[in-house]
Amino acid sequence: MKILFEFIVFPGFLFTAIAGMVFSWIDRKVTARVQWRQGPPIFQPLYDFVKLLIKETIVPASANSVIFLLSPLLAITSTTLASVILWKAIINPQSLFVGDLIVVIYLLAVTPIAVILGASASGNPIASLAASREMKLYLAYELPFIFSILVSVIKLHTIKLGEIILSQQSSGIILNSFSGVLAFVIFLLTIQAKLGLVPFDMAEAETEIAGGVFIEYSGVPLAIHKLNRIMLLFIIPVFAAVLFFGGNFLSIIAVLVLIILIRNTNPRVRIDQAIRFFWRTCLIFSVFAVVLATIGY
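Calculation notes
- Residues numbered from 1 in each chain as written.
- Predicted model: local features only at pLDDT ≥ 70, side-chain atom pairs only at ≥ 80, totals over all residues.
- Heavy atoms only, no water.
- Helix = DSSP H or I, 4+ residues; strand = E, 2+ residues; numbered from the N terminus.
- Rg over C-alpha atoms; globule rule 2.2 N^0.38 Å.
- Buried < 20%, exposed > 50% of the residue type's maximum accessible area, 1.4 Å probe, protein only.
- Axes fitted to C-alpha atoms, helices over the stretch in contact; angles between N-to-C directions.
- Parallel < 35°, antiparallel > 145°, perpendicular 65-115°, else oblique.
- Left-handed = near helix turned anticlockwise from the far one by under 90°.
- Contact = heavy atoms within 4.5 Å.
- Nonpolar A, V, L, I, M, F, W, Y, C, P; charged D, E, K, R; others polar.
- Salt bridge = Lys/Arg side-chain N within 4 Å of Asp/Glu carboxyl O.
- Core = buried A, V, L, I, M, F, W, Y, C linked by side-chain atoms within 4.5 Å.
- Patch = residues over 30% accessible without salt bridge, like charges linked within 9 Å, V, L, I, M, F, W, Y side chains within 5 Å.
- Areas by Shrake-Rupley, 256 points an atom, 1.4 Å probe, with all protein chains shown as cover.
- Phe/Tyr/Trp six-rings, centres within 6.5 Å; stacked < 30°, edge-to-face > 60°.
- Lys NZ or Arg CZ within 6 Å of the ring centre and 35° of its normal.

Draft legend 1. Representation of the overall build of the protein within the structure. Within the protein, the regular secondary structure consists of 12 helices and zero strands. The secondary structure elements of the protein, listed N-terminal to C-terminal, are α-α-α-α-α-α-α-α-α-α-α-α. Taken over C-alpha atoms, the radius of gyration comes to 19 Å for the protein, in line with the 19 Å a tight globule of 297 residues would show. With respect to the three principal axes, the spread of C-alpha positions in the protein is 55 × 50 × 40 Å. Across the 297 residues that make up the protein, the buried fraction comes to 54%.

Written out as structure tokens, the structure reads:
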């Protein structure tokens, strides 16, 4: 019963969904203010989710219906599990297992893979094009993303989330070092792509490919996909807080603010520009950060 409660209520699905909706509202409100608009009411993310739930679910005739419908469930389950692990590490740093950091990295990789599978299974050529972009983007940003996390592992000599938190609380946060600052910048840029936000939202660019990976989704499956993205907007800043700030709660808001600022101050780039940026600039600097961490800087 305890495991079921943790997965469904706290710190699992319900808690993460509610917190994600609050973060989504903050994102939309700040974005509106930047554009000199009023912005939505605080319950707008909930209204949007409920509106999608009551709409008809249509599965394309040419789609592989099993993969098409399992895709959102796979994505949201992995996000929920990542939330449970991260929050259990924050609440009780000694409660988890060795290698839980590796599990979280794998769980966060499931969402883009699920999106790619779902779009590819839809049978729509536009969705297939968007899935191709999502795949290329994932292959481009994932390695710098992992290297940025590796800096914390090297400096703190552990792959356990609880020990990463406790070490930073006792001896200072990772950002007190040059390699830590560099790794955090790389992490911040790669999560922008992982969240599917500007300037790396080319897989869902409505003005270019009419909704992209989600073009054939409707009703409940689309609601789940959208909710999963909202939950990730909360979970990934929590992950950043654990890795670079010792689980400090205020740093979660700070990371969200930085994500919003990047989103609202940069134009969308082309897929080839994004790939070059991650494989050249981000990868080189992430390797440099790992080298600096290894020699103690």
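Draft legend 2. Expanded view of the packing of helix H6 (residues 125–156) against helix H8 (residues 178–194). Closest axis-to-axis distance for the H6/H8 pair is 9 Å, and the angle between their directions is 150°. Classified by the interaxial angle, the pair formed by H6 and H8 is roughly antiparallel. Here the hand of the crossing between H6 and H8 comes out left-handed. Across the interface between the two elements, Leu 137, Tyr 141, Glu 142, Pro 144, Phe 145, Ser 148, Ile 149, Val 151 and Lys 155 of H6 pack against Ser 179, Gly 180, Ala 183, Ile 186, Phe 187, Thr 190, Ile 191, Ala 193 and Lys 194 of H8. Among the residues making up the contact of H6 with H8, the classes are represented as 11 nonpolar, four polar and three charged.

Draft legend 3. Local environment of the side chain of Asp 27. Mapped onto the fold, Asp 27 is located in helix H2 (residues 13–34). Among all residues touching Asp 27, those that are not within four sequence positions of it are Leu 233, Ile 260 and Arg 263.

Draft legend 4. Structural detail: the pattern of salt bridges. Tallied over the entire structure, the rule returns seven salt bridges. Close ionic contact of Asp 201 with Arg 268 constitutes a salt bridge, the shortest N to O distance being 2.8 Å. Highlighted residues: Asp 201 in the loop between H8 and helix H9 (206–209) and Arg 268 in the loop between helix H11 (249–264) and helix H12 (271–294), separated in sequence by 67 residues. In this structure, the salt-bridge partner of Asp 272 is Arg 276, at a minimum N-O distance of 3.4 Å. You can see Asp 272 and its partner Arg 276 sitting in helix H12, four residues apart, about one turn around the helix. Overall, the relative accessible area of 29% leaves Asp 272 in the partly exposed class. Taking the relative accessible area as the measure of exposure, Arg 276 reaches 36% and is therefore partly exposed. One continuous salt-bridge network, built from bridges that share partners, spans Arg 270, Asp 272 and Arg 276.

Draft legend 5. The nonpolar core, seen in detail. Core analysis: the largest hydrophobic core is formed by 53 residues, its most contacted members being Leu 101, Leu 161, Phe 187 and Phe 239. Sort the elements by how many residues they give to this core and helix H10 (residues 219–245) lands first, with 13 residues. For Leu 101, the contacting residues outside a window of four places in its chain are Ile 149, Val 153, Ile 159, Leu 161, Ile 164, Phe 239 and Leu 243. Counting residues in hydrophobic clusters, the runner-up holds 21 residues, among them Leu 52, Val 213, Phe 214 and Met 231.

Draft legend 6. Highlighting a nonpolar patch on the surface. On the surface, Met 1, Leu 4, Phe 5, Ile 8, Val 9, Phe 10, Leu 14, Ile 18, Val 22 and Ile 91 cluster together into a nonpolar patch covering about 960 Å² of accessible area. Where the nonpolar patch is concerned, the elements lending two or more residues are helix H1 (2–8) and H2. Take Leu 4: it is sitting in helix H1.

Draft legend 7. Representation of the packing of aromatic side chains. This model, assessed by the stated rule, comprises 19 aromatic pairs. A centroid spacing of 6.4 Å and a plane angle of 40° characterise the contact between Phe 43 and Tyr 47, whose relative ring orientation is tilted. Judged by its relative accessible area of 49%, Phe 43 is partly exposed. For the pair Phe 277 and Phe 278, a centre-to-centre distance of 5.3 Å together with 65° between the ring planes defines the contact as edge-to-face. Given the relative accessible area of 25%, Phe 277 is considered partly exposed. The structure contains a cluster of three or more aromatic residues connected by ring pairs, namely Phe 10, Phe 15, Phe 23, Trp 87, Phe 234 and Phe 249. In this structure, Lys 194 packs its charged tip against the face of Phe 145, placed 4.7 Å from the ring centre.

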